[in-house]
Every structure is written in structure tokens, then in C-alpha cells.
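What follows is the residue order along each chain.
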Amino acid sequence: ARAPSNRGQDCCRRDSDRRMRSLLLCAAGAAAYHLGAWPGHAARAPAARLAAEPQAPADFGLAPGQKFGPTAPAHPADKPWTNLETQEGVQLVKAASNDLRQPLLADMGNDEISVSKDSIHILKHHGSYMQQNRDLKKKADRDKSYQFMLRLKVPCGEVPGELYRELDELSNKYGQGDLRATTRQAFQLHGVLKGNLKTVIATIANVGSNTYGGCGDINRNVMVPAVCFPNNPAYVAAQTYAKAIADLFRPMTEAFNEIWLDGEKAASVEYWQKDIAHFDLDKVRNYDNGNGIITGHPVEPIYGRTYLPKKFKMAVTVPGDNSVDLYINDVGAVVIMEPDGKTVKGFNIVVGGGMGRTHRKEETFARAADHLGFVKEADFFECLKAIIAVQRDHGNREVRSSARLKYLVHTLGVDGFRALVEKYFGQKMEPWVPLPEWKYLDWMGWHEQGDGKLMLGINVEQGRVADSPGLRVKSCLRALVDNYGVDLLLTPSQSIVLRNIQPAQKYDVEAVLREHGIKLIDEVDAITRKSIACPAFPLCGLAMTEAERVQPQINARLLAVLRMMGMGSDDFVTRTTGCPNGCARPYMAEIAFVGSGPNAYQLWLGGSPNQAERTAVATSIFKMKFEDLEATVEPIFAMWRSQRNSPTEALGDFCHRVGVPVVEEFMAAYEPGAWKGMAPAFPPPPAVETPTATVGVASDLLVKIEEEASARGLDAPSLLDMIVREALEG
């Protein structure tokens, strides 16, 4: 017989011990606060003295007045970490920063071209990363190349024309002459020198935008479908609430204004504030339901002294539209409308998604979010506050690689996590509302906005807004902003939607695009259209290999293999990253290449074509050489071609159905070119009957038709017949 369990007594004893340790930590934090023991405030002791005297315990406790936080959770939870005995280094830096001021404030006042290691972490919360040019081979040269990347906070990806105009000027004057649209609908400006950082950040703030919230251990840019449908209540609600979330969970410290604006307010109010004033978010932020959401911190009522364990990502969308990759977010929300289609009923909420992982460390992993439940519109903000509070109090601050919300959800299980959220929330979550099937939309091409104006999605490969011979994206956007008054929407797939175009200007806009070398979407192949990549080299310090700079080659080579095999009409979602951190969301792709070393990639297969509810799976191919791309994918495509269960079964769905181990068995036995002897599971349509008439076609055009027909598994008359019928029948 099993002995009676003392689990309840043990838990009570652990909770009591933890509470006592948290009180001691709180007292230590208060003492440090009152003694001014923050970097930049206390003199540094000589190295010899530091070696001779015992080190004081690390201070990561609560601030004076703070009641709840990682060392004193409002509600207990049984998990492998406590955050009481030790915390990883970034938590200590934040604890000592005096609300994100130091040592950054001191470092910005010196003449160095770089900032200190601790300042790097604080600077991220202000929206900037310090970088070096890794194309430089000599360390001495790299040490002279310190520069800063700025990432804007752009809720919903909305970039008014006036802001784009300012960014265009800033990038030319202080940056490297380009901009980059990110995978989270923001703009990055690269190449800013430290001496110009304050000028650039202040200019961005004074034009009605900002950079805080672009990076750091706080809520990042909030994603939403990149559309402008002012008469569609569901899309309007998604955008409005996304802007509100961005403001609700912004850091409240005055450090940003003190460091970059000399303590003054910005000259312009953030352009999205006009859309969310009715929420009275200051009141929402400070509302205390008595269940431990509000920390008691004098400055940060929700975040507390040390903010969140790591970055936090949110997205809002409508049923069916998964353009935001909903399941990769820490929290995702889906607008649910009442039957009248005009009134918001509430929101479905998902939790625990995330891409970051580390090679060969199985305790780190990519994870698709779980369905948490439904919450009424009136309770939406409070529910999100509760989720944030759970992560604030219980997220792993001992091991940074395990700090994201996904690890807490994974550890507790979604049911256990829901129960903990409900304690902070003060009420039960309602059941998940069934949804229609998700679609991966990118909103490219022409669309009517519904208000008499048009929007146009243009593909921007890997989000790089730059000018080069034959392709002048940056100048084109400036011309459209200046001459046609367009505004921009940045998409989750690194492209751009131009909005508020007058119908009479449609063909003029197309002419400007062509003049600058920009293709309309029907001229862009589907592989390129569905691909994204992270920046990687030369500026990312984590990159193991190339990503952005080789993605066009990867796309062209993948398409060439498909066409060689008569599969030119097939496509899939493909993504490339320079390291395993997953910034370009590779683990949701149907086929992905994740940097694992110089010119080497780990191969992932089996993500959903709609980016929904599952991740891809790592193959055993850990270091695929870049030059071996064709040899690697040919057997995969051959198996898909010969064994799929319908003409429309996507590559990701096929690999998921048969299983990656089975795919690898096929790859191991495959001989190059063997696809030629394998009948396609679903042959192309039969050739058209022998024509009863002939039509003259120029010889050079006939060659192109025959090549294209072969790439699609057709003969020339069949393809020509399809083209003509489609043209005549609309």
C-alpha cells in the first residue's frame, strides 16, 4: 500500500519558506533603493577591495511599496523554479536600473562609441540594439564599427505618410540609407552612431511615434492584419484593441523622456492615441481588482521593478484571418462578434506560443499556442492584465533561455495555467468559441477598402526598403507618399500595403511602381511571396550564417527544382533564419532552413500552410550545406509529388501526415533523378484534343510557352488553351 501523501503540508511549508525569503529580499531591495545603490549613483570600489570583501547578496527583490512580483507571487504555483535563491543576470541589471535609467544614462553622457554590457540590456527597452559589422574580418576593425539599430513601436503596422517621410530622411542622414520592415509589422533603422542616437530617437518621438516597447522584457509590437477596412466592424475592433493593448502595457517609467527628450514631453502625441482615447487606459491600467494583478510599485503598477522575465508578444485578429501567425504569440486574441455582425461580443484567447530555441538543447523548443478560452469584451483588458501578472510572478527568471511564457504554460499545462490566471482574474474563463478554418492571408494586390478608396499590397523581399540598381523601393515609397498622399501598413510577412489610394490614381500608382522596378503581385512567384527571412549577417550578433542575403537565391533554387519536376504550379511557405532564435518564425513554415553553422542549415518540415495550431518538426539533417539545397529537397518533392492524397495537399500537410521519419527514410533510399520514373499521384489534366485550327505564335514566345508548360507538367497546347480561356472568361 502507498503511504499517505504529505504533498499538501510540503506545499504549505514551501510557500511559508518562500514568503519569508521574499520578505527578506524585499527589505534588501528597499535598503538598496534608499541608499542610492544603483549603477551611476554609487562609487565603484577598487578591484583589490572588491576581491578582499565578501560580495553582498544579489538584490532582485521588490521595490519599496511593491507587494507582488517574482519574489512574492500573489498566488502560489508549484513549478521547478522559485526565483528566490537566484536570478539570471539580466534580471539583476533591470533591478539595479532605477526604472530603466542606469547605467544607460551615464553611458550616453560619455564619448565612447559603444555602451556597457549592462546598458545593452537597458537600451533594448528603449528600442535599440548595439551592433557591429561582422563582415569586417579583423577584430580591430569590428571594434570601430559599433552602431545602433532602432526599432519603432508601430501598433498594427500603421505608418502614416508623414512618419515615413521622416524615417526616410533620418535613414539617409544618420543611418545606412535603408529601412527594414520586420516580421512584427515595425520598421527598423540601422547604422545609427551613438553620438546621433539621441537626435534620431527624439525626432521619431516628436513626430508622433516612439521606440520604447520595440524591444526588451516588455510587451513588444502588437500585430494585427495589415488591412484598411474602416466599415468592417470586426477588423476595426481588432485594430482598435491592438492599439489599446500596446498602450496599456507600455512601460510607465519617465526614463525614456529623461534620457532622450531632456525630461520634456514629445512635441506630438502618438498618432494612434486618437483611436483609443475612449478607453481611458490610465484608469484601466491602475484598476486593482484585489487579486494580485497590481504590484504596488510606485511607477510600474503592472510590471513592477524588474518588468517581465523576457520579451512578450501579442497579436489580435478576426476569425479566419491568420495573416498574423496567431499561434506564435505569447498571447493571441480573436475578435468574436455578436450575431448582428456589428457588436463585439468578446475574444477567444490563445497563450504560450513562441519560436526561440537553442540547437542541441532539448529543454528549449518552439511551441504553438494553446486555446485558453473566451472572455467577454468588458473583461478583456483585465484578463490580459491577469495573464501578464502570472508571467511576471511565475515566469522563469533563473534561466533566461526558459523565461518565455510558453515554458510556464508547458510546465503547468494549459488547464493548470488557466486555473492560475483565473485566480488573478477573479473569475472563470468561458469556453473557446468555435472558429472557421484559418487561412494564411498576406493582403497583396489591389483591394477595395470599403470607403471609396483602394489599398495595394506590394511584395518587399525580406522587408528591405532600399534603393539598388533596377529596384528602388525606398524612393518609390517616398514618391507615393509625397505625390499621392498614401499611408503605409507593414505586414507580418515583411511586405507593405499602401492604403488610401484614390481610384482615379490606380494606374498612376502602378506606373510609379514599374518606374522604380517594383513588380505587381501577379508578377511575383508564389515561393518568393510566401517567404520571409531574418536579417542575420552582417549586423546580427547571434547569426551563425546568412539568411536575408541568401533568401532570394533559396527561393529561385526551390522554384527551379519544382519546375524541373513539372511542379511549377505548386508552392509552400518557406522561411530562413541565421540562427535558432526563430525571428522569422521558421518553425511554423512548411519547409524551413535554420542556421546551424557557416553556410549550414538545419532542415525543418511539416508546418501548416495556414500557420495554425502546430509547429514543423526538425529533421535529422542538422548541417545541410548551402550548396546541397537542390539535392536535399529533390527527394522531398518527389515523395510529395508521387504520394500526396489529393491534388491540393500542401507540402506541410503531406509531411505532417506521413511523418518526418518516413520522409527521411524515403530520402535515404532516393537516387538523384528518380522522380522521372515515379508517376505523379495526380497527373496533370489531359492534353487538349487535336486542334481543328492553327494560330501563328512567334517562335521566341512559343519557346517560353513550351518551357512554362513543361514546368507545370503540361504540353504547350494545353497551357495555351488554359491561358486563352482564362483571359476570355475572366
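Because the structure is predicted, anything quoted here is derived from the model rather than measured.

What counts and how
Residues numbered from 1 in each chain as written. Predicted model: local features only at pLDDT ≥ 70, side-chain atom pairs only at ≥ 80, totals over all residues. Heavy atoms only, no water. Buried < 20%, exposed > 50% of the residue type's maximum accessible area, 1.4 Å probe, protein only. Helix = DSSP H or I, 4+ residues; strand = E, 2+ residues; numbered from the N terminus. Contact = heavy atoms within 4.5 Å. Core = buried A, V, L, I, M, F, W, Y, C linked by side-chain atoms within 4.5 Å. Polar contact = N/O pair within 3.5 Å; in protein donor to acceptor, adjacent residues only side chain to side chain. Axes fitted to C-alpha atoms, helices over the stretch in contact; angles between N-to-C directions. Parallel < 35°, antiparallel > 145°, perpendicular 65-115°, else oblique. Left-handed = near helix turned anticlockwise from the far one by under 90°. Phe/Tyr/Trp six-rings, centres within 6.5 Å; stacked < 30°, edge-to-face > 60°. Lys NZ or Arg CZ within 6 Å of the ring centre and 35° of its normal.

## Quick word on helix α5 (residues 117-125)
Phase 1 of the analysis: What α5 keeps buried is the set S119, H121, I122, L123 and H125.
Phase 2 of the analysis: Where α5 is buried, its residues meet α3 (89-95), α4 (104-107), β1 (128-131), β2 (147-151), α8 (194-206) and α10 (255-260).
Phase 3 of the analysis: G127, located one to two residues past α5, shows a positive phi value of around 100 degrees.

## Quick look at the nonpolar core
Phase 1 of the analysis: Among the nonpolar cores identified, the biggest contains 133 residues, and F187, I349, F380, I387, F417, L488 and I496 are the most heavily contacted of them.
Phase 2 of the analysis: Element by element, the count of residues in this core is highest for helix α9 (residues 233-248), at ten residues.
Phase 3 of the analysis: Ignoring anything within four residues of it in the chain, the contact list for L488 reads G157, E158, V159, Y164, F187, L477, V481, I496, V497, L498 and R499.
Phase 4 of the analysis: Membership of the second largest hydrophobic core comes to 33 residues, among which are I554, L605, M639 and L651.

## Concerning the side chain of R250
Phase 1 of the analysis: Relative to the elements of secondary structure, R250 occurs in the loop between α9 and α10.
Phase 2 of the analysis: Of the polar contacts made by the side chain of R250, one reaches the side chain of D247; its length is 3.1 Å.

## A look at the packing of α9 against helix α12 (residues 380-394)
Phase 1 of the analysis: Two numbers describe how α9 lies on α12: the axes approach to 12 Å, and their chain directions differ by 45 degrees. By the angle between their axes, α9 is oblique relative to α12. In this structure, α9 meets α12 at a crossing whose hand is right-handed. Across the interface between the two elements, Y241, A244, I245 and L248 of α9 pack against F380, F381, L384 and K385 of α12.

## Digging into the packing of aromatic side chains
Phase 1 of the analysis: Going through the model one piece at a time under the given rule, you end up with 22 aromatic pairs.
Phase 2 of the analysis: With a centroid separation of 5.2 Å and an interplanar angle of 85 degrees, the aromatic rings of F279 and F381 are classed as edge-to-face. Here F279, found in the loop between α10 and α11 (281-286), pairs with F381, found in helix α12; they are 102 residues apart in sequence, far enough to count as distant. With respect to burial, F279 and F381 carry one shared label: buried.
Phase 3 of the analysis: Connected via pairs of aromatic rings, a cluster forms that spans Y241, F279, F347, F380 and F381.
Phase 4 of the analysis: The ring of F622 carries the charged tip of R360 above its face, separated from the ring centre by 3.9 Å.
Phase 5 of the analysis: Over the ring of W640 we find R644, and its NZ or CZ is 5.0 Å from the ring centre.

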